[in-house]
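# Understanding the architecture of this molecule
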Amino acid sequence: MKSYKLTIDLATLNHLGIGLYSNIPAVLSEVVSNSWDADAKLVEINIDPAGTYISVKDNGWGMTEAEINDRFLKVGYRKRDDPTAPKLEGRSPMGRKGIGKLALFSIADTIEVHSVKLGKHGKVIERNGFIMRSGKIEQAMKEGGSNEYYPEVVSENEVKIKGGTLITIRDLKKGVKVTEAFLRKRISRRFAVIGKGFGFIVKVNGKPITVEDR
């Protein structure tokens, strides 16, 4: 049976997660950076019209259970310092000290992650999924007396993506809103490597971000 573990103290969560960012574009930029680091060629951001969720899907490497625990859920993980990490061709890593996933909790209370690791010829190696809830993290640390939190496991048959990673951000905090135009503008200014020429396309609600969005 799969098991995922996040190890972090409550003060760090509050400082690096809940208090790290104040707006959605800054948070999503961290997610897009992670997609770049996973050698993704396409990132698709979708904003639910009803404002109930935001999803970010990429076609990058995807993650095994071990990689999720040792990298994604490891606070402070630095890809540059990991000799076992896959090497990027023609790209420099963007990720900032492994705190991007905590930034998600500054805008939402529930984070669901689905990831599918592919091998040669597109063969599925592993399907993984888990859900993190900020309230449950805080409760586990206060009541359990430890710095370990075990996210809820999503069964493999519920992970429907064909490859890469899908992050769904739910239970957005009160007052957290974003328009497509504002998000496109901020991301286009944040990343100079967006576009076919760089082999990195970012879409918002199905429409590619271009230099004109700046």
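Now for a description of the structure that goes with this document.

## Considering the overall build of the chain
Assigned secondary structure in the chain consists of six helices and 10 strands. When each of the 214 residues of the chain is scored for burial, the buried share is 46%. Considering only contacts within the chain whose residues lie at least 6 apart along the sequence, 71% involve residues at least 24 apart.

## Overview of the side chain of Lys117
Tracing the chain through its elements places Lys117 in strand β4 (residues 108-118). The class of Lys117 is buried, set by a relative accessible area of 13%. One polar contact links Lys117 to Glu67, side chain to side chain, over a distance of 3.3 Å. When sequence neighbours within four positions are dropped, the list of residues in contact with Lys117 reads Trp61, Gly62, Met63, Thr64, Glu67, Lys123, Val124, Ile125 and Glu126.

## So, the pairing of strand β5 (residues 124-133)
Sheet topology note: the β4/β5 ladder contains nine bridges and is antiparallel. Each bridged residue has a counterpart across the sheet, and for Lys117 the counterpart in β5 is Glu126. Where β4 hands over to β5, the hairpin turn is made up of five residues, of which His121 adopts a positive phi near 60°. Two strands pair when backbone bridges link them, and β5 and strand β7 (residues 152-153) are joined in this way by two bridges, in the antiparallel orientation. Within β7, the position partnered with Phe130 by the bridge is Val153.

## A few points about unusual backbone geometry
We note that Asp39 has phi near 65°; this positive angle belongs to a residue other than glycine. Unusually for a residue other than glycine, Asn205 sits at a positive phi of about 50°. Structurally, Asn205 can be placed in the loop between β9 (201-204) and β10 (207-208). Accessibility expressed as a relative area gives 34% for Asn205, which makes it partly exposed.

## A look at the environment of Leu166
Tracing the sequence through the fold places Leu166 in strand β8 (residues 164-172). With a relative accessible area of 18%, Leu166 lands in the buried category. As for Leu166 and Asp58, which are separated by 108 residues in sequence, their C-alpha atoms are 6.5 Å apart.

## Some words on the pattern of salt bridges
Taken as a whole and judged by the stated rule, the model has 13 salt bridges. Glu65 is paired through a salt bridge with Lys2; the nearest N and O atoms lie 3.9 Å apart. Placement of Glu65 in helix α3 (residues 65-72) and of Lys2 in the segment before β1 (6-7) is noted, with a sequence separation of 63 residues between them. Overall, the relative accessible area of 17% leaves Lys2 in the buried class. A salt bridge links Lys2 to Glu126, with the shortest nitrogen-to-oxygen separation between them at 3.5 Å. One end of the pair, Lys2, is in the segment before β1; the other, Glu126, is in strand β5, and 124 residues separate them in sequence. Three or more residues joined by partner-sharing salt bridges are found here, namely Lys2, Glu65, Glu126 and Glu156.

## Re the sheet that holds strand β3 (residues 53-58)
Pairing in this open sheet of eight strands is mixed, and the strands run β7-β5-β4-β8-β3-β2-β9-β10 from one edge to the other. The sheet terminates laterally at β7 and β10, the two strands that pair on one side only. Helix α6 (residues 180-190) rests against β2 (42-47), β9 and β10 of the sheet, and its axis sits at about 150° to β2.

## What to know about the nonpolar core
Membership of the largest hydrophobic core comes to 43 residues, with the highest contact counts inside it found for Ile45, Ile111 and Met132. Each residue touching Ile45, except ones within four places of it in the same chain, is listed here: Leu28, Val32, Ile54, Ser55, Val56, Leu183, Ile187, Val202, Lys203, Val204 and Asn205. Counting residues in hydrophobic clusters, the runner-up holds six residues, among them Val116, Val154, Val159 and Leu166.

Procedures and definitions
- Residues numbered from 1 in each chain as written.
- Predicted model: local features only at pLDDT ≥ 70, side-chain atom pairs only at ≥ 80, totals over all residues.
- Heavy atoms only, no water.
- Helix = DSSP H or I, 4+ residues; strand = E, 2+ residues; numbered from the N terminus.
- Buried < 20%, exposed > 50% of the residue type's maximum accessible area, 1.4 Å probe, protein only.
- Contact = heavy atoms within 4.5 Å.
- Polar contact = N/O pair within 3.5 Å; in protein donor to acceptor, adjacent residues only side chain to side chain.
- Pairing = 2+ DSSP bridges.
- Salt bridge = Lys/Arg side-chain N within 4 Å of Asp/Glu carboxyl O.
- Axes fitted to C-alpha atoms, helices over the stretch in contact; angles between N-to-C directions.
- Core = buried A, V, L, I, M, F, W, Y, C linked by side-chain atoms within 4.5 Å.

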